[in-house]
Amino acid sequence: ILRLLRKDGHPEEAISLSQTLENVVTPKFYLHNRDKRILGRIYNEKSRAFGETSSPQKVLKLMSRLNERAIAFGEETKDQDILNMAYMNVGGAYYVAKKWKDSSVFLESKFKQVDTQTKLEFMRTLLLDYAYQKDYSGFKEALGRTIRLINNYNNDNQAILASIYESIARSLSIFGFVKEARNILEEADKLSVDPFYSSQILRGYIFTFYTEKRRNMRIDNDRLKTVFNASRKTKFIPYKRHRNQIEKMIKEINASLV
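Bear in mind that the values here come from a model prediction, so they are computed numbers and not experimental data.

**Looking at the packing of aromatic side chains**
1) Next: All told, the structure shown has 11 aromatic pairs when counted by the stated rule.
2) Next: Pairing Y43 with F73 gives two aromatic rings, centres 6.1 Å apart and planes at 10 degrees, and the pair type is stacked. Taken together, the residues span a long stretch of sequence, with Y43 in helix α3 (residues 33-53) and F73 in helix α4 (residues 59-77) at a distance of 30 residues. We note that Y43, like F73, is buried.
3) Next: Members of the aromatic cluster, each reached through a chain of ring pairs, are Y95, W100 and Y132.
4) Next: One cation-aromatic arrangement involves K119 over F111; the distance from NZ or CZ to the ring centre is 5.4 Å.
5) Next: The lysine or arginine in question, R170, covers the ring of F207, its NZ or CZ lying 5.9 Å from the ring centre.

Quick look at the structure:
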């Protein structure tokens, strides 16, 4: 239920319900492994929901304790599904907090311990970690690793693919390859994904215009307006972090056009 709420565009409701569910399980004097597995999943979903909505200034405070608890229960019960998501949440929390070095070091340390789908989630964050660190060599190696993983990936999980495409596009934009970034985003746009990932893709598009502005390149204002209007649809309202990032980029772009 928590995951469905979060993926359907209601992360704040998922956070609220997770607290209720947590209160049902934790009053027990002794927690059986089944209870620990349930709590581990609750902590993971609550943490991920905070990751989708929190600001860089608050995300570590909100997510770190939940991640620690989830990892502890995952290790105690030897539940790899809990550990996979918890490890990703740790790397994601560092990434949102703009601690890109900490994120890349942690994710690389856990890379061999997770399944293929989680490896792909790791790569989405690692690509941007290296890009923001201006580590082009690290980015190229990560991109090659990502392509190999996708080629060997049998599960048609379009959400993960869309997220990776958006990650590659933003990373390319950071290194100045804006045209190539937009080509990739156009491919991501063709995938059928949840509102969270659609919001990511639109943010990626706006990031390419933001990059052009920072590099004093010509901006297609009509296309920018179309993308910005699409990002303001009601279904994207719950994703406050994306919204704040988009508004900040638009403000800086418009300031340069005055």
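From this point, the discussion proceeds with the structure in view.
**Observations concerning the nonpolar core**
1) Next: L39, Y87, F122, F139, I206 and L224 are the most contacted members of the largest nonpolar core, which totals 72 residues.
2) Next: Counting residues per element, this core draws most heavily on helix α5 (residues 80-96), which supplies nine residues.

**Focus on the packing of helix α6 (residues 100-110) against helix α7 (residues 116-132)**
1) Next: Two numbers describe how α6 lies on α7: the axes approach to 9 Å, and their chain directions differ by 140 degrees. Classified by the angle between their axes, α6 and α7 sit oblique to one another. Here the hand of the crossing between α6 and α7 comes out left-handed. Here W100, S103, S104, L107, E108 and K110 of α6 lie close against α7, whose contacting residues are F122, T125, L126, D129, Y130 and Y132.

**Considering the environment of L62**
1) Next: Tracing the chain through its elements places L62 in helix α4.
2) Next: Judged by its relative accessible area of 31%, L62 is partly exposed.
3) Next: Once you skip the residues sitting within four places of it in the chain, L62 turns out to touch F50 and S54.

**What to know about the packing of α4 against α5**
Relative orientation and spacing of two packed helices are given, respectively, by the angle between their axes and the distance between those axes.
1) Next: One way to put it is that α4 packs onto α5 with a least axis distance of 9 Å and a crossing angle of 160 degrees. Of the possible angle classes, the one that applies to α4 and α5 is roughly antiparallel. You can see that α4 and α5 cross each other, and the crossing is left-handed. Here V59, L60, M63, N67, A70, I71, G74 and E75 of α4 come into contact with α5, specifically with I82, L83, A86, Y87, N89, V90, A93, Y94 and V96.
2) Next: Partitioned by chemical class, the residues of the contact of α4 with α5 number 13 nonpolar, three polar and one charged.

**Focus on the confidence of the model for the chain**
1) Next: The share of residues in the chain with pLDDT of 70 or more is 98%, and the mean pLDDT across the chain is 92.
2) Next: Put simply, helix α13 (residues 240-257) is where the chain has its lowest mean pLDDT, 84, and α6 is where it has its highest, 98.

**Let's talk about the side chain of S103**
1) Next: Relative to the elements of secondary structure, S103 occurs in helix α6.
2) Next: Classification of S103 as buried rests on a relative accessible area of 0%.
3) Next: A distance of 2.7 Å separates polar atoms of two side chains, one belonging to S103 and the other to D129.
4) Next: Apart from residues no more than four positions distant in its own chain, S103 is found in contact with G91, Y94, Y95, T125 and D129.

**Section: the pattern of salt bridges**
1) Next: Counting across every chain of the model gives 21 salt bridges.
2) Next: One salt bridge in this structure joins E45 and R3, with 2.5 Å as the shortest N-O distance. Linking E45 in helix α3 with R3 in helix α1 (residues 2-7), this pair joins segments that are 42 residues apart in sequence.
3) Next: With a relative accessible area of 6%, E45 lands in the buried category.
4) Next: Between D79 and R37 there is a salt bridge; the shortest N-O distance is 3.7 Å. Taken together, the residues span a long stretch of sequence, with D79 in the loop between α4 and α5 and R37 in helix α3 at a distance of 42 residues.

Rules used in this analysis
- Residues numbered from 1 in each chain as written.
- Predicted model: local features only at pLDDT ≥ 70, side-chain atom pairs only at ≥ 80, totals over all residues.
- Heavy atoms only, no water.
- Phe/Tyr/Trp six-rings, centres within 6.5 Å; stacked < 30°, edge-to-face > 60°.
- Helix = DSSP H or I, 4+ residues; strand = E, 2+ residues; numbered from the N terminus.
- Buried < 20%, exposed > 50% of the residue type's maximum accessible area, 1.4 Å probe, protein only.
- Lys NZ or Arg CZ within 6 Å of the ring centre and 35° of its normal.
- Core = buried A, V, L, I, M, F, W, Y, C linked by side-chain atoms within 4.5 Å.
- Axes fitted to C-alpha atoms, helices over the stretch in contact; angles between N-to-C directions.
- Parallel < 35°, antiparallel > 145°, perpendicular 65-115°, else oblique.
- Left-handed = near helix turned anticlockwise from the far one by under 90°.
- Contact = heavy atoms within 4.5 Å.
- Nonpolar A, V, L, I, M, F, W, Y, C, P; charged D, E, K, R; others polar.
- pLDDT = per-residue confidence, 0-100.
- Polar contact = N/O pair within 3.5 Å; in protein donor to acceptor, adjacent residues only side chain to side chain.
- Salt bridge = Lys/Arg side-chain N within 4 Å of Asp/Glu carboxyl O.

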